[in-house]
Amino acid sequence: MSEDGLGDAGRYLPSLRLDELLAELQIRIDAVRGTRGRLRGLLEAVLSVGRELDLTHVLRNIVEAAVVLVDAEYGALGVLGDDEKLSEFLAVGISDEQWSEIGPVPSGYGILGELIRHPEPLRLPDLSQHPASYGFPAHHPPMHSFLGVPIRVRDEVFGNLYLTEKRSAKEFDEEDEAVLSTLAVAAGVAIENARLYEEAMRRERWILASGEVTRSLLIGAPSAEVLELIVEKARIIAGADVGMIAERVPGEKTLRPMFAVGLYAERRTGVVLSDNDVFIRAALETAQPVVSPDIRQDVRAGHGDAQWTGLGPVVAVPFGTIGRPRGVLLLGRVTGGRAFKAADTEPLLGFAGQAALALELAERRREAEQIALLKDRDRIARDLHDLAIQRLFAAGMTLQSTQRFVEHPEAVERLTRTVDDLDDTIKIIRSTIFGLRTHSDGTQEGSGLRGRVTKAVNASVTSFGFPPALQIEGLVDTEVPDDIADDTIAVLGEALSNAARHSRARAVDVRLRCAGGELILTVTDDGHGVPDGASRSGLKNMEERAVERNGTLIVGQRAEGGGTRLVWRVPVNWTD
C-alpha cells in the first residue's frame, strides 16, 4: 500500500478521467459533424427545390428533400384549394399500386385537417393518439410518429408538409422540426417563383394565341375557321377538356353551338342551349367569367342538359358588345377535375371578344360582298334589257319582215321556227332579269322559288359561320309549281340543318337546276359525312317527299372524297 492510502488505484484515476473526457469529446465531435452534415443536406435541399421552375417538379422535389432531411419513411405535400380542403396531394413512399388499393387521396380531415385549421408545426410521437385522428383506411400502411409544418407563400398558407415514421428514432425531435420549418420557408420562395414563371408562360401563350387569331382575321380567313381556332386555343391554354362556343338564335331564347372541341365534341355540336338555364343566363348578363366548381351539382345549371355530360368544373364568358352579348364561350373539365381559377379565366374575356370580332367582320364582309353582288346583278339585268333583248327583238322583227320575200316553203318554215326560238329566248332572258332585279331591290326576296332558296341559304350562315355557295339554273320561278317549290324549300332546309349539325364542314355548295322537265337540288359539303348513330328522320322525310312526286333521293360521298353529296330530283312536267 502506498503512503497516500490510494494504492495502485490512484495511479489509474487520471487515466479513467481522460478516457471519459475523450469519449465525451468524440460524442461532441460526432454531433458537430452530424450538424454540419445536416446543414449541408439542408443547403443542398434548398438549392434543389429552387432549381426547378415547373411547379409540379418543385412540389415533388420539396417532398423528396424533406423525407431525406428528417429521415422519414413517408412524406407528402398537400396543396390547399379555395374551399380550405386539399386540392392536390403528392406523396412519397407509397406506390401507385398502394394508392389504388387505399382509394381516393385525402381531402383534409383528421390530423391533416388539424394542420389546415391550425397552421403551426405539429409534432406527435403517435398520431393515432391525437383527438383529431380518424384512423387509416383499409390497405393503408401503419404510421406512428408524425411531423407536419405549413408552407407559406406571401404570408398565405399554400399547403402543408407531412412526414411520418422516422427511421432512426421512435419520434421526430425539435431539430427535425427546425430543419423542416427552414425547408418550408425555402419551399415557399421556390413555389412563388414557379408560380410567377407559370403565370408568365401562360400569359405568353395567350398573347401568341391572340396574335394568331388576329392574323387569321386580317388575312380574311373564314369566320368558322377563326372561331374554331379561338375555341381550341382557349381549351388548350386553360387546360380544359371541352370547349364550346354558342351564338344566340335571333328572336328565340336559345343558343346554337357553332363549334365544340374536345370530349364528345360531335355530340355537343347538335345540342341547343337555353338561356333559361340560370348558369347560361348569368354568363350572358355579366361582364365577368361565371365559374362552377362542379356543374352537375350546381343549382344554376339544368341537370338534364346534354351539354354538361361528363363535366365537373365549368367556366362561361359572354362574347359580343357590352349589354348585347351574342353568345357564350364555355370551357369544361371532366368530373373530378381541378376547378378553374382566376389565372385560367381572366384572359377568356379578351378571347371571347375576339370571337365576337370574328363574327362582326364576317358579317361586314358578307354585307359588302352582297352589295357588290347586287350591284353586279343590277348591271347585268340592265345590260340584258337594254342590249341583248333589244337586239334579239330587232333580229326577230327583221326575220319576220324577210319572210315576205321568201317563196320556198322549207325556208319559210325555218324562218318561222327561228323567230319562235328568238321569242322563247327573250322570255328566258326577261325571267332572268326579273330574278336579278328581285334580289337587287330586296322587296320580293321570298316571293319566288329563286328568292326563297336564296333566303334559306343566307339564313344558314349563322349555323355554319360562313356563306354556302349558291348556283341556280333555269326558270325556277316560272316553271316550278308552288307545291313542288314548297317541298324544295323543306328539303333544302333539312339538308342544310343536317350539314350544320353533323358534318363540321368548311365549305357547302348548293345547286338548284330546272331543265329537261325535272328539278334537281344538290347539296354538297366537305365535312365528316353522316355520323354513325345520327337520326335518320330528316333523310326519311326528304325521301318521302321525292317518292310522292315520282322522284328520287340519293345521299352518298362526294366525288372528291370526304364529305356528303345529297341529290333530290323530282319531275316538274316541263320539257325543253
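This one's a predicted model, so the numbers in the text were calculated from it and none came from an experiment.

Let us now look at the overall build of the protein chain. The secondary structure content of the protein chain amounts to 16 helices and 16 strands. In the protein chain, which comprises 576 residues, the proportion classed as buried is 41%.

The sheet built from five strands is open, its strands ordered S2-S1-S5-S4-S3 with antiparallel pairing. Either end of the sheet is taken by a strand with one partner, and the two such strands are strand S2 (86-92) and strand S3 (122-124). Adjacent strand axes in the sheet meet at a mean angle of 15°, parallel and antiparallel pairs treated alike. Sheet topology places strand S1 (residues 72-80) next to strand S5 (residues 156-166); seven bridges connect them, and they run antiparallel. From the neighbouring strand, Ala 72 faces S5, where its bridge partner is Lys 166. Sheet contacts for helix H5 (residues 174-218): S3, strand S4 (146-153) and S5; angle to S4, the most-contacted strand, approximately 30°.

Put simply, the protein chain has an average pLDDT of 75, and 72% of its residues get 70 or more. Of the regions scoring below 50 in pLDDT, residues 29-35 engages in one contact with residues more than four places distant in sequence or in other chains. Counted against residues more than four places away or in other chains, residues 440-446, with its pLDDT under 50, gives 15 contacts.

Right, let's get into the nonpolar core. Among the nonpolar cores identified, the biggest contains 60 residues, and Leu 449 and Leu 519 are the most heavily contacted of them. Excluding its chain neighbours within four sequence positions, the residues that come into contact with Leu 449 are Val 476, Asp 477, Val 480, Ala 485, Thr 488, Ile 489, Leu 512 and Leu 519. Within the second largest apolar cluster, 31 residues are counted, among which are Leu 147, Val 153, Val 179 and Ala 184.

At a closest axis distance of 9 Å, the pairing of helix H2 (residues 55-69) and H5 adopts a crossing angle of 170°. Here H2 lies roughly antiparallel to H5, going by the angle between them. Only Val 179, Leu 180, Leu 183, Ala 187, Ala 190, Ile 191, Ala 194, Arg 195 and Glu 198 of H5 make contact with H2, whose side of the interface consists of Leu 55, Val 58, Leu 59, Ile 62, Ala 65, Ala 66 and Leu 69. For the contact of H2 with H5, the per-class residue count stands at 14 nonpolar, no polar and two charged.

Pairing within the open sheet is mixed, and its five strands lie in the order S12-S13-S14-S16-S15. Every other strand in the sheet has two partners, leaving strand S12 (469-473) and strand S15 (552-557) as the edge strands with one partner each. In this sheet, adjacent strand axes meet at a mean angle of 10° when their direction is disregarded. Judged from the five bridges that link them, S12 and strand S13 (residues 508-515) form a sheet pairing that is parallel. Looking at S13, one finds that Leu 470 is bridged to Val 510. Taken strand by strand, helix H12 (residues 449-459) contacts S12, S13 and strand S14 (518-525), and its axis lies near 170° from that of S12. Running over the sheet, helix H15 (residues 482-503) touches S13, S14 and strand S16 (564-571) and is turned about 10° from S14.

In this structure the tally under the stated criterion is two aromatic pairs. Note on Phe 146 and Tyr 162: the rings are 6.3 Å apart at their centroids and 35° apart in plane angle, and the pair reads as tilted. Residue Phe 146 is located in strand S4, and its partner Tyr 162 is located in strand S5; the two are separated by 16 residues in the primary sequence. Just as Phe 146 is buried, Tyr 162 falls in that class too. Seen from the ring of Phe 340, Arg 333 lies directly overhead, with NZ or CZ sitting 4.0 Å from the centre.

The N-to-C vectors of H12 and H15 enclose an angle of 15°; their axes lie 10 Å apart at closest approach. Taken together, H12 and H15 sit at an angle that is classed as roughly parallel. With respect to the hand of their crossing, H12 and H15 are arranged in right-handed fashion. In contact with Leu 449, Arg 452, Val 453, Ala 456 and Val 457 of H12, H15 contributes Ala 485, Asp 486, Thr 488, Ile 489, Leu 492 and Leu 496.

Empty space left among the atoms is revealed by rolling a probe the size of a water molecule over them. Counted as a void, the largest pocket has a volume near 1,200 Å³. Together, 33 residues line the largest pocket, and Arg 195, Glu 198, Arg 202, Lys 341 and Ala 343 are the ones closest to its centre. Only H2, S1, S5, H5 and helix H9 (342-345) provide two or more residues apiece to the lining of the largest pocket. Ranked by the residues each element gives to the lining of the largest pocket, the list is headed by H5, at nine residues. Of the residues belonging to the lining of the largest pocket, the class tally is 14 nonpolar, three polar and 16 charged.

Calculation notes
Residues numbered from 1 in each chain as written. Predicted model: local features only at pLDDT ≥ 70, side-chain atom pairs only at ≥ 80, totals over all residues. Heavy atoms only, no water. Helix = DSSP H or I, 4+ residues; strand = E, 2+ residues; numbered from the N terminus. Buried < 20%, exposed > 50% of the residue type's maximum accessible area, 1.4 Å probe, protein only. Pairing = 2+ DSSP bridges. Axes fitted to C-alpha atoms, helices over the stretch in contact; angles between N-to-C directions. Contact = heavy atoms within 4.5 Å. pLDDT = per-residue confidence, 0-100. Core = buried A, V, L, I, M, F, W, Y, C linked by side-chain atoms within 4.5 Å. Parallel < 35°, antiparallel > 145°, perpendicular 65-115°, else oblique. Nonpolar A, V, L, I, M, F, W, Y, C, P; charged D, E, K, R; others polar. Phe/Tyr/Trp six-rings, centres within 6.5 Å; stacked < 30°, edge-to-face > 60°. Lys NZ or Arg CZ within 6 Å of the ring centre and 35° of its normal. Left-handed = near helix turned anticlockwise from the far one by under 90°. 1 Å grid on protein atoms, 1.4 Å probe; cavity = no way out; pocket = protein on both sides within 12 Å on 5 of 7 lines; lining within 4 Å. Points joined across faces, edges and corners; volume = space filled by probe spheres on them.

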